[in-house]
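An overview of the molecular structure
For reference, the chains in residue letters:
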Amino acid sequence: MNRALDADELQSEFDAHARRYDLLVGANLGYHRDLRRAAARLGLREQGGGQRVLDLGCGTGASTAAILAAYPLATVVGADASGGMLAAARGKPWPGSVTFVQARAERLAAAGVRGPFDAIFAGYLLRNVADPDAVLADLRTLLRPGGHLVLHDYTLDGRPLSRAVWTAVCWGVIIPAGLLATGRTGLYRYLWRSVLDFDRVGALRERLRDNGFTEVRAGSAGGWQRGVTHTVRGRRQLDGGTA
C-alpha cells in the first residue's frame, strides 16, 4: 500500500494500530524528546494558568504529554480523527485541564472545537490532510492574535542523503517493526510514501507564509533524524498587522 489513503481509510488504519502505537513510536529513542522540544516552542507564558492549547492530531496523547511537560498549567484540548487513538489517550491519567474530542482537522468547527487558542500544536498531521492550505487557514482563525502554530513532522530538507536515510529507516526498521507488532504494513508503507510526496521543509515554511503566518522559522531534529524531522513555527499577526 504505497498509494495515498483517503480520510476514512487513514482513520481506519490508525484505529487498527492504536493498541500498539505507543510501543512502536517508543522504539524511536528520540521521539518523545523531540516532541517535548517542539512543544516548548509554543511561546506560552511559563507561569500562570488559563492559556488554551489545541493539540491537533493528538493521537494516543504523546504530544499532549509533551505540551504539559513544557507548560504544566496550560489547558489542552486534544483532537484526533481516530476513535481508537483517542481511546488510548483517554485511558491515561491526565489533569482536569485536559480534554479530548474526536474531530478531523478539516471539520473542527463541526466537532465543537472553538477558539481562540493561545497556541496550536500539530504533530505528524499536516501531510495527512487532503487540503493543507484550507487546514492552515482555519487554524489561523482559531489562534488569538500573536499566538503561535507549531508543526512537528517528518519533513525532508531536500538533500538526497535525507531521502535515502528516510527510505532506509522505513524499509529497514519501521515497516518490519510494524509487521512484527501488528501483522500489518499498510500504515507504515503509507507513512514512507506520504513523507516523500509532501512538502520539503522550505516549501512548508512558504506554505505557512502564504496562509498568513509571520515569523516563520524551522529547526531540525538531531541524530538520524537530522534533515528528516523538522519543527516549523509561525505566528498569527497581532491586530493592526504588527508581528
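Residues numbered from 1 in each chain as written. Predicted model: local features only at pLDDT ≥ 70, side-chain atom pairs only at ≥ 80, totals over all residues. Heavy atoms only, no water.

What follows is about the sheet that holds strand E2 (residues 75-80). If you trace the seven strands from one edge of the open sheet to the other, you get E3-E2-E1-E4-E5-E7-E6, paired in mixed fashion. In the strand order of this sheet, the two ends are held by strand E3 (98-102) and strand E6 (213-220), each with one partner. The mean angle between the axes of side-by-side strands here comes to 15°, regardless of whether they run parallel or antiparallel. Direction of pairing for E2 relative to E3: parallel, over a ladder of five bridges. Of the residues in E3, the one forming a bridge with Ala 79 is Val 101. Running at roughly 140° to strand E5 (residues 143-154), helix H5 (residues 132-142) makes contact with strand E1 (52-56), strand E4 (117-123), E5, E6 and strand E7 (229-236) of the sheet. (Pairing = 2+ DSSP bridges. Helix = DSSP H or I, 4+ residues; strand = E, 2+ residues; numbered from the N terminus. Axes fitted to C-alpha atoms, helices over the stretch in contact; angles between N-to-C directions. Contact = heavy atoms within 4.5 Å.)

Quick look at the pattern of salt bridges now. Under the counting rule described, the total for this entry stands at ten salt bridges. Of the charged contacts, one joins Asp 34 and Arg 37 as a salt bridge, the two residues approaching to 4.0 Å between their closest N and O atoms. On the criterion of helical spacing, the pair formed by Asp 34 and Arg 37 is a turn pair, its members being three residues apart in helix H2 (residues 31-39). Asp 34 gets classed as buried once you look at its relative accessible area, which sits at 5%. (Salt bridge = Lys/Arg side-chain N within 4 Å of Asp/Glu carboxyl O. Buried < 20%, exposed > 50% of the residue type's maximum accessible area, 1.4 Å probe, protein only.)

Let us now look at the packing of helix H6 (residues 160-182) against helix H7 (residues 186-197). Put simply, H6 and H7 touch, their axes get as near as 8 Å, and they point 160° apart. One way to sum up the angle between H6 and H7 is to call them roughly antiparallel. The handedness of the crossing between H6 and H7 is right-handed. Contact residues: H6 offers Arg 163, Trp 166, Thr 167, Cys 170, Trp 171, Ile 174, Ile 175, Gly 178 and Thr 182, while H7 offers Tyr 188, Arg 189, Leu 191, Trp 192, Val 195 and Leu 196. Broken down by class, the residue content of the contact of H6 with H7 amounts to ten nonpolar, three polar and two charged. (Parallel < 35°, antiparallel > 145°, perpendicular 65-115°, else oblique. Left-handed = near helix turned anticlockwise from the far one by under 90°. Nonpolar A, V, L, I, M, F, W, Y, C, P; charged D, E, K, R; others polar.)

Attention now goes to the packing of aromatic side chains. In this description, a pair of aromatic rings is defined by centroid distance and the angle of the planes. Counted according to the given criterion, the structure contains five aromatic pairs. On the numbers, 5.0 Å between centres and 50° between planes, the contact of Tyr 124 with Tyr 154 is tilted. Of the two residues, Tyr 124 sits in the loop between E4 and H5 while Tyr 154 sits in strand E5, which places them 30 residues apart along the sequence. Considered together, Tyr 124 and Tyr 154 belong to a single accessibility category, that of buried residues. Centre to centre, the rings of Trp 171 and Trp 192 are 5.3 Å apart; their planes meet at 80°, and the pair counts as edge-to-face. Note that Trp 171 is positioned in helix H6 and Trp 192 in helix H7, a separation of 21 residues in sequence. Note on Trp 171: relative accessible area 37%, which makes it partly exposed. (Phe/Tyr/Trp six-rings, centres within 6.5 Å; stacked < 30°, edge-to-face > 60°.)

Our focus in this paragraph is helix H3 (residues 62-70). Listed as buried for H3 are Ala 62, Ser 63, Thr 64, Ala 66, Ile 67 and Leu 68. If you follow the buried residues of H3, they end up packed against H2, E1, E2, E3 and E4.

What follows concerns unusual backbone geometry. Going from Gly 115 to Pro 116, the amide bond is cis rather than trans, its omega being 0°. Phi angles above zero are rare outside glycine, and Glu 215 is one such case at about 50°. Here Glu 215 shows up in strand E6. Residue Glu 215 is classed as partly exposed on the basis of its relative accessible area of 36%.

Turning our attention to the packing of H2 against H3. Interaxial distance between H2 and H3 falls to 8 Å at its minimum, and their mutual angle equals 55°. One way to sum up the angle between H2 and H3 is to call them oblique. At the point where H2 passes H3, the crossing takes the right-handed sense. Residue-level contacts link Tyr 31, His 32, Leu 35, Arg 36 and Ala 39 of H2 to Ala 62, Ser 63, Ala 66, Ile 67, Ala 69 and Ala 70 of H3.

Here we come to the layout of surface pockets. Of the pockets and cavities examined, the largest pocket occupies roughly 950 Å³. At the level of secondary structure, the elements contributing two or more residues to the lining of the largest pocket comprise helix H1 (7-26), H2, H3, E2, H6 and H7. By residue number, the principal contributor to the lining of the largest pocket is H1, which donates seven residues. Here the lining of the largest pocket is built from residues that sort into 31 nonpolar, ten polar and four charged. (1 Å grid on protein atoms, 1.4 Å probe; cavity = no way out; pocket = protein on both sides within 12 Å on 5 of 7 lines; lining within 4 Å. Points joined across faces, edges and corners; volume = space filled by probe spheres on them.)

Geometric descriptors of this kind do not, in isolation, establish any biological role.
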